[in-house]
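Architecture and fold: a report
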Amino acid sequence: MSALTGRRPHREPRSILPWLAAPALVVFVGFAVVPLVGVFALSFTTWDGIGAIHPSGLTSWRAVLTDSGLPHALWVTFLVMAVSWAVQTPLSILLGTFMAGRQRYRAVLGVVYFVPLMLSSAAIAIAYKALLDPNFGLGAGLKIQALSKDWLGRPGLAFGVVIFVVSWQFIPFHSLIYQGGVQQIPKSLYEAAQLDGAGRVRQFLSITLPQLKYTIITSSTLMVVGSLTFFDLIFVLTEGGPADATRVLALDMYKRGFQASLMGPASVIAVILVLVGLALALLLRRLGGRDAGASQLEGV
């Protein structure tokens, strides 16, 4: 038929597909792989950030791994990660489920809830630091004794403030993820549950939460891995204090590299952060099991 009509047979442009992914691959290699390799190589050197770089073998690794402050920084990092996840996840699910409704005011509230995410972390930290000042802050201005505590001067209170500010900033983002997940749940499931006499709470526990399994895994991965990079907010708000109560690994890396001019040990901590983040991401992926697409293909 093609010979009679003079037309060439249609061919799928499979050879073009790799070229479509090439720009993203170039950006990923240039801004992720190359810097990571450079940091890994820098961890085996001695450098003050200005002068010549001198190879030093495992000197920086020994200095970091034998430092008594590393276990404390790791503990604070994992504590911030766990507590912020425990606070953000249930609130994000509830807000995302609420905003998935069809009422117009819920769409307006969704936009209002999203405002904190558009603000700079440093600006948020400056604002909260001023509001929580025991002498000139919100408590002193309103003459409310309960708000006039030394929030950033006590270890327990400072840690709680960090968790609150982090949750206030990032709950809108995860609520948006859960809102999209809830909107993808088939309405027929809720209609069948209503016919069986299930109330809203029962529907939420029996339908919404199970259907959000993979959304929870995705949100938790972003939340957990993202918590490893908390730096600017904590640096401006508490500078790691008081008594290193909020000194996370990212802040410890900054202090070693840019305040103490020890780029080798700072690079070691950067490598540790990458390895911890990769391990946690793989663990969460394994806990989630096979993806939804694979399970759906098997059921077809």
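Before any of the text, the structure's been laid out above.
A brief look at the structure comes next. None of these values were measured; they are calculated from a predicted model.

1. Some points on the overall build of the chain
When you go through the chain residue by residue, the secondary structure sums to 15 helices and two strands. Relative to the compact-globule value of 19 Å for 300 residues, the chain shows a C-alpha radius of gyration of 25 Å, a clear excess of over 25%. The principal-axis extent of the C-alpha atoms belonging to the chain is close to 75 × 60 × 30 Å. Across the chain, contacts joining residues at least 24 apart in sequence account for 66% of those joining residues at least 6 apart. Of the roughly 18,500 Å² of accessible surface on the chain, 68% is carried by carbon and sulfur atoms. Across the chain, the centroid of the 22 positively charged side chains sits 10 Å from that of the 13 negatively charged ones.

2. What about the environment of Pro134?
Summarising the element assignment, Pro134 is placed in the loop between helix 6 (121-131) and helix 7 (138-142). Judged by its relative accessible area of 28%, Pro134 falls in the partly exposed class. Sequence separation between Pro134 and Trp151 is 17 residues; the distance between their C-alpha atoms is 7.6 Å.

3. Some details on the pattern of salt bridges
Taken as a whole, this structure holds four salt bridges when the rule is applied. Among the salt bridges present, the one from Asp244 reaches Arg247, with a minimum N-O distance of 3.9 Å. What makes Arg247 partly exposed here is its relative accessible area of 22%. Through salt bridges that share partners, Asp67, Asp244, Arg247, Asp252 and Arg256 make up one connected network.

4. So, the side chain of Ser56
Along the polypeptide, Ser56 turns up in the loop between strand 2 (54-55) and helix 3 (59-65). In terms of polar contacts, Ser56 uses its side chain to reach the side chain of Thr46, at 3.1 Å.

5. Brief notes about helix 13 (residues 249-259)
Buried residues of helix 13: Leu249, Ala250, Leu251, Asp252, Lys255, Arg256 and Gly257, and no others. Check the buried side of helix 13 and you find it contacts helix 3, helix 4 (69-99), helix 12 (232-237) and helix 14 (263-288). Positive backbone phi, at 55 degrees, marks Ser261, one or two positions downstream of helix 13.

6. Points about the packing of aromatic side chains
If you walk through the whole model with that rule in mind, you get nine aromatic pairs. Measuring from ring centre to ring centre gives 5.1 Å for Phe40 and Phe44, while their planes differ by 80 degrees; the resulting arrangement is edge-to-face. Relative to Tyr254, the ring of Phe235 has its centre 5.1 Å away and its plane inclined at 65 degrees; by these criteria the two rings are edge-to-face. A residue pair is termed long-range when its members are at least 10 positions apart, and Phe235 in helix 12 and Tyr254 in helix 13 qualify at 19 residues. What makes Phe235 partly exposed here is its relative accessible area of 22%. Taking relative accessible area as the criterion, Tyr254 reaches 24% and is therefore assigned partly exposed. Through a chain of ring-to-ring contacts, the aromatic side chains of Phe231, Phe235, Tyr254 and Phe258 assemble into a single cluster.

7. Details of the environment of Gly153
Within the element layout of this structure, Gly153 appears in the loop between helix 7 and helix 8 (155-183). Counting along the chain gives 88 residues from Gly153 to Gly241, while the straight-line C-alpha distance between them is 7.8 Å.

8. Some details on unusual backbone geometry
Between Gly241 and Pro242 the backbone carries a cis peptide bond, its omega angle lying at -5 degrees. When you line up the elements, Pro242 lands in the loop between helix 12 and helix 13. A positive phi angle, near 55 degrees, is found at Glu239, a position not held by glycine. Turning to its location among the elements, Glu239 is positioned in the loop between helix 12 and helix 13.

9. Here's the deal with helix 2 (residues 17-42)
Look at helix 2: 36 Å from first C-alpha to last across 26 residues, which is about the 38 Å you get at 1.5 Å a residue. Val29 marks the point of greatest bend in helix 2, at about 35 degrees.

10. Considerations on the packing of helix 2 against helix 14
The description of two helices packed together rests on the angle between their axes and the distance between the axes. One way to put it is that helix 2 packs onto helix 14 with a least axis distance of 8 Å and a crossing angle of 130 degrees. Relative to helix 14, the element helix 2 lies oblique. By crossing handedness, the relation of helix 2 to helix 14 is classed as left-handed. For the pair helix 2 and helix 14, contact is made by Leu36, Val39, Phe40 and Leu42 and by Met263, Gly264, Ser267, Ala270, Val271 and Val274, respectively.

11. A short note on the nonpolar core
Val80, Val161, Val165, Leu233, Ile234, Leu237 and Val248 are the most contacted members of the largest nonpolar core, which has 19 residues in total. Within the residue set of this core, elements represented by two or more residues are helix 4, helix 6, helix 8 and helix 12. Top contributing element to this core by residue count: helix 8, with six residues. Met81, Leu228, Ile269 and Ile272 belong to the second-largest nonpolar core, a separate cluster that totals 17 residues.

The rules behind each value
- Residues numbered from 1 in each chain as written.
- Predicted model: local features only at pLDDT ≥ 70, side-chain atom pairs only at ≥ 80, totals over all residues.
- Heavy atoms only, no water.
- Helix = DSSP H or I, 4+ residues; strand = E, 2+ residues; numbered from the N terminus.
- Rg over C-alpha atoms; globule rule 2.2 N^0.38 Å.
- Contact = heavy atoms within 4.5 Å.
- Areas by Shrake-Rupley, 256 points an atom, 1.4 Å probe, with all protein chains shown as cover.
- Lys, Arg positive; Asp, Glu negative; His and termini not counted.
- Charge placed at Lys NZ, Arg CZ, Asp CG, Glu CD.
- Buried < 20%, exposed > 50% of the residue type's maximum accessible area, 1.4 Å probe, protein only.
- Salt bridge = Lys/Arg side-chain N within 4 Å of Asp/Glu carboxyl O.
- Polar contact = N/O pair within 3.5 Å; in protein donor to acceptor, adjacent residues only side chain to side chain.
- Phe/Tyr/Trp six-rings, centres within 6.5 Å; stacked < 30°, edge-to-face > 60°.
- Expected span 1.5 Å × (residues − 1).
- Bend = angle between axes of the 7 residues up to and from the residue.
- Axes fitted to C-alpha atoms, helices over the stretch in contact; angles between N-to-C directions.
- Parallel < 35°, antiparallel > 145°, perpendicular 65-115°, else oblique.
- Left-handed = near helix turned anticlockwise from the far one by under 90°.
- Core = buried A, V, L, I, M, F, W, Y, C linked by side-chain atoms within 4.5 Å.

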